[in-house]
Amino acid sequence: LGRFRIVLSVYGQTARDAPQEAGDRTDFCLYVRDALSRSPELRDVVVWNEVNKQFFWLPQYADDDASVAPARYAALLARCWDLLHAFRPGVNLITSTSSRGNDNPDAAANVSHSPGRFILELGAAYRASGRRLPIFDTVGHHPYGESPRERPWRRHPLSTTIAQGDWDKLVQAYYDAFGTTSQPAPGRCVAGRCTPIWYMEIGYQTTIPASVAGHYAGTENVPN
């Protein structure tokens, strides 16, 4: 691999492939373990993708509007953490959340959890399980802003969005969710384990300099 570091991201073809039962979770984690076994140098694995959005994980809420996705994702993380760390102790298990969500089970579109709410409920499920081992090693987050016109450092203090400039909101959410537990969180190490934040996916609109415009084709989706 040389100077490159490969990160494996594993999720289903559709949101309805999200593992909901114990047997499905085991099958998924065994699949990931098999993928690792084929590449001895691979150690970074993202478990599912943007789990707080219905586009990738269904259901987000039960028929009675009760939140279910965070607890089921916590169970998936726990199963994969145990299986993958038993197989490769140095594996780095990474979560995946999106920067936005509406916390509305009856929304006409994009039924989802805001990242802060999802993280808090993830922590509540961890606490309720009584588990003493971690369920993830690295916080993975997609810190998109609310508009492609935004600067990367733009903050969103009046909304539930957690974009790149809102790193303090992300850190606080994990501290509130997992503080005093056995799960390390950003800024809080436990038993020698520390949890970094990885921004896994992000994009911003830019203006192409005239000197290199000839290398590009197509039309920008936002006017310069």
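Just above, that's the structure.
All values derive from a computational prediction rather than experimental measurement.

A few points about the overall build of the protein chain
Part 1: Within the protein chain, the secondary structure is distributed over 4 helices and 6 strands.
Part 2: Traced from its N-terminal end to its C-terminal end, the protein chain shows the element sequence β-α-β-α-β-β-α-β-α-β.
Part 3: Relative to a compact globule of 224 residues, whose C-alpha radius of gyration would be 17 Å, the protein chain shows 18 Å and is just as compact.
Part 4: Considered along the principal axes of its C-alpha atoms, the protein chain spans approximately 55 × 50 × 35 Å.
Part 5: For the protein chain, restricting intrachain contacts to residue pairs at least 6 apart in sequence, the fraction spanning at least 24 positions comes to 69%.
Part 6: As displayed, the protein chain has an accessible area near 12000 Å², and 52% of this comes from carbon and sulfur atoms.
Part 7: For the protein chain, the distance from the average position of its 23 positive side-chain charges to the average position of its 23 negative side-chain charges is 7 Å.

Digging into a negative patch on the surface
Part 1: Where like charges cluster on the molecular surface, the negative patch consists of D63, D64, D65 and D106.
Part 2: Tracing the backbone shows D65 in the loop between β2 (44-47) and α2 (69-87).

Quick look at the packing of aromatic side chains
Part 1: By the definition in use, this model includes 10 aromatic pairs.
Part 2: Look at F136 and Y174: their rings are 5.8 Å apart centre to centre, the planes differ by 75 degrees, and that puts the pair in the edge-to-face class. You can see F136 sitting in the loop between α3 (115-129) and β5 (139-142) and its partner Y174 sitting in helix α4 (residues 167-178), a full 38 residues away along the chain.
Part 3: Judged by its relative accessible area of 1%, F136 is buried.
Part 4: According to the relative accessible area criterion, Y174 is buried, its value standing at 1%.

Thresholds applied
Residues numbered from 1 in each chain as written. Predicted model: local features only at pLDDT ≥ 70, side-chain atom pairs only at ≥ 80, totals over all residues. Heavy atoms only, no water. Helix = DSSP H or I, 4+ residues; strand = E, 2+ residues; numbered from the N terminus. Rg over C-alpha atoms; globule rule 2.2 N^0.38 Å. Contact = heavy atoms within 4.5 Å. Areas by Shrake-Rupley, 256 points an atom, 1.4 Å probe, with all protein chains shown as cover. Lys, Arg positive; Asp, Glu negative; His and termini not counted. Charge placed at Lys NZ, Arg CZ, Asp CG, Glu CD. Patch = residues over 30% accessible without salt bridge, like charges linked within 9 Å, V, L, I, M, F, W, Y side chains within 5 Å. Salt bridge = Lys/Arg side-chain N within 4 Å of Asp/Glu carboxyl O. Phe/Tyr/Trp six-rings, centres within 6.5 Å; stacked < 30°, edge-to-face > 60°. Buried < 20%, exposed > 50% of the residue type's maximum accessible area, 1.4 Å probe, protein only.

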